[in-house]
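Working through the structure, step by step
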Amino acid sequence: MLRQRSGRRRVWAVALIAVTGVIAAPAVTVAQATPEQVRIQARHLEDGRFEVALQQNTGDDQWGERLLPEHRFVPAQARAGRWLVSSPVTVGTEPGVQELRVAARRHTDGRVEVALQQQRTDGTRGDRILPALRFVPAGTASGRWLASSPLAEPEPPAEPEPPAGTGNGPPREIDRDLPLGLITPTGIPVAVIGRAGSGYLVRTPCGNTAQIAGGDPIGEVRVVLDPGHGGRFEVGAVGPNGLAEDVLNLTLSRAILAELARRDIPAATTRTADYGSLLSVRSAFADALGADALISIHHNAPTSRLGDSPGTEVYVQSTDDETPRAASERLGGLLYEEITAALATFEGISWSRLANAGVLRVLFPEGGDAYGMIRRPEIPAVLVEYGYLSNPSEAELFATDEYISVAAVATADAIEAYLGTDRPGTGFVERPRRFDPARAPSRCEEIRLE
């Protein structure tokens, strides 16, 4: 991963491509040189927009010309606090090619912050690299370019050494047995942060830290299921028959977990009962486990036009505003194919369906994936709306054991195909939907962990 201020000199070639909600443009490429560092440049414009660029160090503390893609602006109306990210910045080094992307966000005090991210070898993104100097002040004169601290390729990370002995016993061993996650004594899945005496320090569903004495370790998993909503502040949709979405999502997720277990596909879930959990916690939990995929389970509302075919929608991740993330899109296509085929076997259902239902991306009006469970995870993620709970005909079906069984098998079939084949799936909708969803409630009640 990249870190700041490396002393090693490598041969770099940089291409800045598109930014989700910020930049969307063809690549601008610089010929190979022998710089040691890159830095971000940024400036305010008179119309309220914010412009970004990159520079390479060409040696002897000299910086090359700015790399200015055709579209390179953060909209003036971009919401404060939300990172907008670029598609890859391709970096060629002597050993091979790496990818970075630019991230930028506005703050409520008017400043704009910039950062970089590196793509890991498995296609996921690392943590944002935050230069020491990374803020453009709100009062900066329009048109004035300001540069961040430089960023550079790091030395390969050294294997950490165990602490030296104190003379009162043997040296302490590095804790290599710390589990990534635990099922607490009350059945709550949590990510493990570290040791706390003889117990563990964990992240609670509401995003706080807590100490627990123990629990059942969560082993290697291929898939994480996320039963959407939960708790008294996040019920979700409610059907005309009184069926609540958070309960339905949880029931279906349990059936899918059981079906995956029968197929020897290890899986975990972000929620095991009717309690609230923040989106940031759920996505971080899936990332911490290093799963191959995250599937967020939902049932839709309000009812749209009625028809003869299921109105299942699968929302997938973006690489940038123009491009879906390949792994997420393929997973979405397989889920759509299997689920819609299975639901179509039910007779006498008046399905609710939008005209552009299918496998699609939902972007904010100013750009960037709109849904938190799509935008936040580093691992490939999708959000499935199986059908419309607000539609009386579908709500009656969703309350049956037969629906739960059929939907669970179809979902497991799609997951198995995603993990074990190269099938592409079906139902892809090319044009993204533009939508600003209501912000998820931030109220969260802690639940007993042990």
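Cut-offs and rules
- Residues numbered from 1 in each chain as written.
- Predicted model: local features only at pLDDT ≥ 70, side-chain atom pairs only at ≥ 80, totals over all residues.
- Heavy atoms only, no water.
- Core = buried A, V, L, I, M, F, W, Y, C linked by side-chain atoms within 4.5 Å.
- Buried < 20%, exposed > 50% of the residue type's maximum accessible area, 1.4 Å probe, protein only.
- Helix = DSSP H or I, 4+ residues; strand = E, 2+ residues; numbered from the N terminus.
- Contact = heavy atoms within 4.5 Å.
- Disulfide = S-S within 2.5 Å.
- Pairing = 2+ DSSP bridges.
- Axes fitted to C-alpha atoms, helices over the stretch in contact; angles between N-to-C directions.

Turning our eyes to something else, we now look at the nonpolar core. Within soluble globular proteins, side chains that are nonpolar generally end up buried alongside one another. Counting residues in each nonpolar core, the largest one holds 43 residues, and the members touching the most others are L252, I256, I295, Y386 and Y403. Looking at this core, the elements with two or more residues in it are β19 (223-227), α1 (245-262), β21 (293-300), β23 (313-316), α3 (326-343), β29 (381-388), α5 (392-398) and α6 (401-420). By residue number, the principal contributor to this core is α6, which donates 10 residues. Here L252 is in contact with I297, H299, Y386, Y403, I404, A407 and A408, once residues within four sequence places are set aside. V38, V52, L67 and A78 belong to the second-largest nonpolar core, a separate cluster that totals 16 residues.

A few words now on the state of the cysteines. Counted according to the given criterion, the structure contains one disulfide. The partner cysteine of C206 in its disulfide is C444, sulfur to sulfur 2.0 Å. Measuring the twist about the S-S bond at about -85°, one finds the C206-C444 disulfide to be left-handed. In this pair, C206 is assigned in the loop between β16 (199-203) and β17 (209-212) and C444 in the segment after β30 (433-434), connecting sequence segments 238 residues apart.

A few words now on the sheet that holds strand β15 (residues 189-196). Pairing within the open sheet is antiparallel, and its five strands lie in the order β17-β16-β15-β14-β18. One side of each edge strand has no neighbouring strand; the edge strands of this open sheet are β17 and β18 (216-218). Pairs of neighbouring strands in the sheet enclose a mean axial angle of 45°, with direction left out of account. Packing of helix α2 (residues 279-289) onto the sheet brings it into contact with β14 (181-183), β15, β16 and β18, and relative to β15 it is tilted by some 70°.

On to the environment of A342, then. Within the secondary structure, A342 sits in helix α3. A relative accessible area of 14% places A342 in the buried class. Sequence spacing of A342 and A407 is 65 residues, and the spatial spacing of their C-alpha atoms is 7.0 Å. Not counting the four nearest positions on each side in its chain, A342 is found in contact with V406 and A410.

In spatial order, the strands read β20-β19-β21-β29-β23-β27; together these six strands make up an open sheet with mixed pairing. Looking along the sheet, the strands with just one partner apiece sit at the ends: β20 (267-269) and β27 (359-360). As paired strands, β23 and β29 are joined by four bridges and run antiparallel to one another. Of the residues in β29, the one forming a bridge with E313 is E385. Contacting β19, β20 and β21, α2 runs over the sheet at an angle of about 170° to β19. Seen against the sheet, α3 touches β21, β23, β27 and β29 and runs at an angle of roughly 20° to β29.

Our next topic: the pairing of β29. Buried residues dominate β29, accounting for eight of its eight residues. By the bridge criterion, six bridges tie β21 to β29 in an arrangement that is parallel. The residue of β29 that forms the bridge with I295 is V382.

We now examine the side chain of Q41. With respect to the element layout, Q41 can be found in strand β3 (residues 37-44). Not counting residues within four places of it along the chain, the set of residues in contact with Q41 comprises E51, V52, A53, Q55, R66, W145, L146 and A147.

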